[in-house]
Amino acid sequence: MQDNLETMSSTRTNRRLNKRQIQNPSIKESKEAEIPQVQSGTNQATVEPTSVSSSWEESYQHYARHINTYFGAKVTGKEDHDLYRREHISVQQKSTYKEPFSTRSTSQTQSALSQLVPDEPAIDETGGLFHSSSNTTNFGENYSQTGSYINQFFFGQSRMGEDEDIESNLITPLDPGSATSERPKTASFLNYLRHPTSAIPDFLGSLTQTRKPRPAMTSPQPMMNQKFVLSRRQAEEMARGFIGTLTQTSSPEDLTACLAALNEHLICYPSCKAVMWQEKIAVTLLRKRRTFRDNEELQSALRESMALIGYMDPVKGRGIRVLSIDGGGTRGVVPLQVLKILEAETGRKIHELFDYICGVSTGAVLAFMLGLAHFSLEECSEMYRRFGSEVFRQNPLVGTVKMGWSHSYYNTETWEKILREKMGTRILIETARDELSPKVSAVSAVVNWGTSPKAFIFRNYNHKPGSLSRYAGGSACQMWEAVRASSAAPGYFQEFPLQSDIHQDGGIILNNPCALAIHESRLLWPNQPFQCVLSLGTGRFDNVKRGPATSTSLRAKISNLISSATDTEGVHTLLDDLLAPDVYFRFNPMLSAMVSLDESRPQALDQLQRDTHNYLERNRPKLARLCLVLGAERSAASKTKDWMNERAWEMKQIWV
């Protein structure tokens, strides 16, 4: 029994030794190759073979095989081929280095070297998580290659590119055959739950689709054109860099380019305007404006920069002139009649008569078309005719289905198409580049902030730090988006999602935005008095007949609720008591019949114009007094005072 156990133990020991010798055949051969082939002599050269020990490479292959198996990477034939190649090279080295180097001819040497790299058999290059490079590298290079492959497997090509940019001095070109196959994208079970619509089809596609080859990986170039989201500190440091460049630049072309970059930065990061005031950039902009007053392109860029930081020039009249337009759908033809008389009596365009124009719903359409797009009143009237023929035309059955499906009776896409065509995709704050454009705003209602709707102001200006408005707002959206949000009447058009906010018609909370316009104007010009405040309504209808004294119908209750929410006369009563009679003017004609917001019949629109004309004829003295107030220009003494105040303000900013 004891003899049998000893025999079995010795047999196992011999098997293990034989297995190690089979796995490492090149170790013995490399030891034999280390014996000097040529003894030292006067005419003989001693050459030591530089064969690389295969123990590190075999350990590398051993670990790589286990890691590839663990992560599910398939490598077919790669390790066996590398082992065969090393064995062949080792044998060739042994046979070649046995002869003295000096006794062989050049042709023999070249033939021997060519035999070191025999023709390799074709293998399936699918690529694994690790690979062994044919180049002799140090530990740092192997570490970088290993890290790059792990990053690529888990984070994709973009993350690998970032790491290679940082470690570009350690990375060496990889073997082209080691990265020629596309690796399947890994995803956790949590990703499938978060994004089921995209992750599940990708998962199913990865099971059915074959892998597509891709070119060999090289060291990626730095991504210069990619936009990054900066932190607040980084954005402020970049803003200070723009300020330094702007201060040192004297060429008009360079100044224009620097201002363009600065304006884009301020649009993306509005909080940086506080840094602008801390660095007293307004003084620099005023000096540049006086120095290059003949360069119109530079002047436009300077006006946009001043609007972005909240700097306001003095008003052009004796005081602040405000225009406010109510909402009312196609009844917007009513305020158009008043504006036509103003242009005819004063001889000036609407955008030249007012410093601040505010509108809600259909009033926002008129405010943007007249104040920013500089449309004529005839073009505005034609647009309202187009509303009736294209937007407010709907089959009752189709409209009812759409109301239940998308909560909009009319086709919202048609309305958006007209807005894009008329307003364009220009950014609101960019309209400040035009010297003739007044300050314009549109009011919408954000319905996903809390339980009640909140007013939101789309502006073509910004308030300076310290001048806080009671209303939220922004100036970085496009013109058509602002009008679309302000006119998203519930039931008529779909609500408008914009930057994680849901906007509806501003008329549901502020159908008369005159008080809001006064508040915004006071923040812009705190030291200027009000010269004129003009409020235009879209008509009102009141039935003088008394109803039954018993009860009201459900339809009447809903109608009363809507009327109270869109009431405009309450704001008028308050402002009429607070402002002077020669400052505040309100025109809101009484209509002969009830006109809905979506009225499209030509005869009904003609009746609207007749009712408005009759109302204005009865109020001719009031209109004449309004034209007289609006026509008053700023005196020379006031302009001189403005110039002195500007210089004094600059000196105060420099020395304080």
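What counts, and where the lines are drawn
The numbering scheme is per chain: residues are counted from 1 as the chain's sequence reads. Per-residue local features are limited, in this predicted model, to residues with pLDDT of at least 70; the limit for side-chain atom pairs, both in listing and counting, is 80 or more; totals at the level of whole chains, interfaces and linings are taken over all residues. Computation of side-chain values: all heavy atoms of the structure, hydrogens and water removed. Helix and strand assignments come from DSSP, with helices taken as H or I runs of at least 4 residues and strands as E runs of at least 2, each series counted from the N terminus. Three labels apply to residues, based on accessible area from a 1.4 Å probe with only protein chains included: buried if under 20% of the type maximum, exposed if over 50%, partly exposed otherwise in between. Any two residues having at least one pair of non-hydrogen atoms within 4.5 Å are treated as being in contact. Each axis is a line fitted through C-alpha atoms, and for a helix only the stretch in contact is used; angles between axes span 0 to 180 degrees, taken between their N-to-C directions. Throughout this description, any angle smaller than 35 degrees is read as roughly parallel, any larger than 145 degrees as roughly antiparallel, any in the 65 to 115 degree range as roughly perpendicular, and the remainder as oblique. Should the near helix be turned anticlockwise from the far one by less than a right angle, the crossing is termed left-handed; should it be turned clockwise, right-handed. Classification used: nonpolar for Ala, Val, Leu, Ile, Met, Phe, Trp, Tyr, Cys and Pro, charged for Asp, Glu, Lys and Arg, polar for all others including Gly. For a helix, the expected span equals 1.5 Å multiplied by the number of residues minus one. Think of the arc as the fan of directions from the helix axis to the C-beta atoms. Put simply, a patch holds well-exposed residues, over 30% relative accessible area, that have no salt bridge, with like charges counted together within 9 Å and Val, Leu, Ile, Met, Phe, Trp or Tyr side chains within 5 Å. Working definition of accessibility: Shrake-Rupley area with a 1.4 Å probe, residue cover restricted to the visible protein chains. Here a salt bridge means any side-chain nitrogen of Lys or Arg lying within 4 Å of a carboxyl oxygen belonging to Asp or Glu. Two strands are said to pair when DSSP picks up at least two bridges between them. Here a Phe, Tyr or Trp ring, Trp counted by its six-membered ring, pairs with any other such ring whose centre lies within 6.5 Å, and the pair is stacked when the planes are under 30 degrees apart, edge-to-face when over 60, and tilted otherwise. UniProt positions are given in the numbering used here, feature names are shortened, and annotations may be inferred rather than shown by experiment.

If you look the protein chain up in an unreviewed UniProt entry, it shows as PNPLA domain-containing protein from Dissostichus mawsoni.

Peer 1: For this particular structure, what's the right way to read the overall build of the protein chain?
Peer 2: Helix and strand content of the protein chain: 26 helices and nine strands. Among the 656 residues that make up the protein chain, the fraction classed as buried is 41%. Sequence-distant contacts in the protein chain: of pairs separated by 6 or more residues, those separated by 24 or more amount to 76%.

Peer 1: Any chance you could explain the packing of helix α19 (residues 412–423) against helix α20 (residues 479–486) here in plain terms?
Peer 2: Packed helices, taken two at a time, are described by the angle their axes make and the gap between the axes. Relative to each other, α19 and α20 sit at 140°, their axes nearing to 9 Å. Considering their axes alone, α19 and α20 lie oblique with respect to each other. Handedness of the crossing formed by α19 with α20: right-handed. Along its contact with α19, which presents Thr 412, Trp 415, Glu 416, Leu 419, Arg 420 and Met 423, the element α20 presents Met 479, Trp 480, Val 483 and Arg 484. Partitioning the contact of α19 with α20 into residue classes produces six nonpolar, one polar and three charged.

Peer 1: Sorry, what's going on with unusual backbone geometry here?
Peer 2: Across residues other than glycine, the phi torsion is negative in most instances, and most of the peptide bonds are trans. Positive phi, close to 55°, is recorded for Lys 280, a residue that is not glycine. Counting through the fold element by element, Lys 280 comes out in the loop between α11 (273–278) and α12 (281–291). Positive phi outside glycine occurs at His 407, with the angle close to 60°. Within the secondary structure, His 407 is located in the loop between α18 (396–406) and α19.

Peer 1: Got a minute to help me understand helix α26 (residues 636–655) in this structure?
Peer 2: An α-helical turn contains 3.6 residues, so a residue and the one three or four places further along point in the same direction. An ideal rise of 1.5 Å per residue puts 28 Å on 20 residues; α26 measures up with 29 Å between its terminal C-alpha atoms. By the burial criterion, the buried members of α26 are Asp 642, Glu 646, Glu 650 and Gln 653. An end-on view of α26 places all buried positions within 70° of arc, on one side of the element. What points out from α26, more than 90 degrees from its buried face, is the exposed set Ala 636, Ala 637, Lys 641, Lys 652 and Trp 655. Against the buried residues of α26 lie α12.

Peer 1: Would you explain the packing of α12 against helix α13 (residues 296–309) in this entry?
Peer 2: For the pair α12 and α13, the least separation of the axes is 10 Å and the interaxial angle reads 160°. As far as their axial angle goes, α13 and α12 are roughly antiparallel. Judged by the sense of rotation from one axis to the other, the crossing of α12 with α13 is left-handed. Touching Ile 281, Ala 282, Leu 285, Leu 286, Lys 288 and Arg 289 of α12 are Gln 299, Leu 302, Ser 305, Met 306 and Ile 309, all from α13. Of the residues belonging to the contact of α12 with α13, the class tally is seven nonpolar, two polar and two charged.

Peer 1: Explain the side chain of Ser 324 to me, please; I cannot follow it from the model alone.
Peer 2: When you line up the elements, Ser 324 lands in strand β1 (residues 320–325). A residue is classified by how much of its surface remains accessible, and Ser 324, at 0% relative accessible area, is buried. The contact partners of Ser 324, leaving out residues within four places of it in the chain, are Cys 358, Asn 512, Pro 513, Cys 514, Leu 534, Ser 535 and Leu 536.

Peer 1: Can you walk me through a nonpolar patch on the surface in this structure?
Peer 2: Judged by side-chain polarity, Met 651, Ile 654 and Trp 655 come together as a nonpolar surface patch covering roughly 380 Å² of accessible area. Topologically, Met 651 is positioned in helix α26.

Peer 1: How should I be thinking about the pairing of strand β3 (residues 439–446) in this particular structure?
Peer 2: It is a general feature of regular strands that their side chains alternate between the two faces of the sheet. The buried fraction of β3 is high, at eight of eight residues. Residues Lys 439, Ser 441, Val 443 and Ala 445 point to one face of β3 and Val 440, Ala 442, Ser 444 and Val 446 to the other, with burial holding for every one of them. As paired elements, strand β2 (residues 356–360) and β3 share five bridges and run parallel to each other. Of the residues in β3, the one forming a bridge with Gly 359 is Ala 442.

Peer 1: So what exactly am I meant to see when it comes to the packing of aromatic side chains here?
Peer 2: The description of an aromatic ring pair uses the distance of the two centres, along with the angle that the planes make with each other. On inspection of all chains with the given rule, the structure shows twelve aromatic pairs. Arranged with centres 5.9 Å apart and planes meeting at 65°, the rings of Tyr 356 and Tyr 461 form a pair that is edge-to-face. In this pair, Tyr 356 is assigned in strand β2 and Tyr 461 in the loop between β4 (454–459) and β5 (472–474), connecting sequence segments 105 residues apart. In this structure Tyr 356 comes out as buried when scored by relative accessible area, which is 0%.

Peer 1: Any chance you could explain the UniProt feature "active site" (unreviewed entry) in the protein chain here in plain terms?
Peer 2: The residues that UniProt annotates with the feature "active site" (unreviewed entry) are Ser 361 and Asp 505. A maximum C-alpha distance of 6.0 Å is found for the annotated residues, which run over 145 residues; spatially they form one tight group. As for its placement among the helices and strands, Ser 361 is situated in the loop between β2 and α16 (362–371). When residues no more than four places from it in sequence are discounted, the contact partners of Ser 361 are Gly 327, Ser 486, Ser 487 and Asp 505. As for its position among the elements, Asp 505 is in strand β7 (residues 501–505). Filtering out sequence-adjacent residues up to four positions away, Asp 505 remains in contact with Val 360, Ser 361, Ala 445, Ala 485, Ser 486, Ser 487, Ala 488, Ala 489 and Pro 490.

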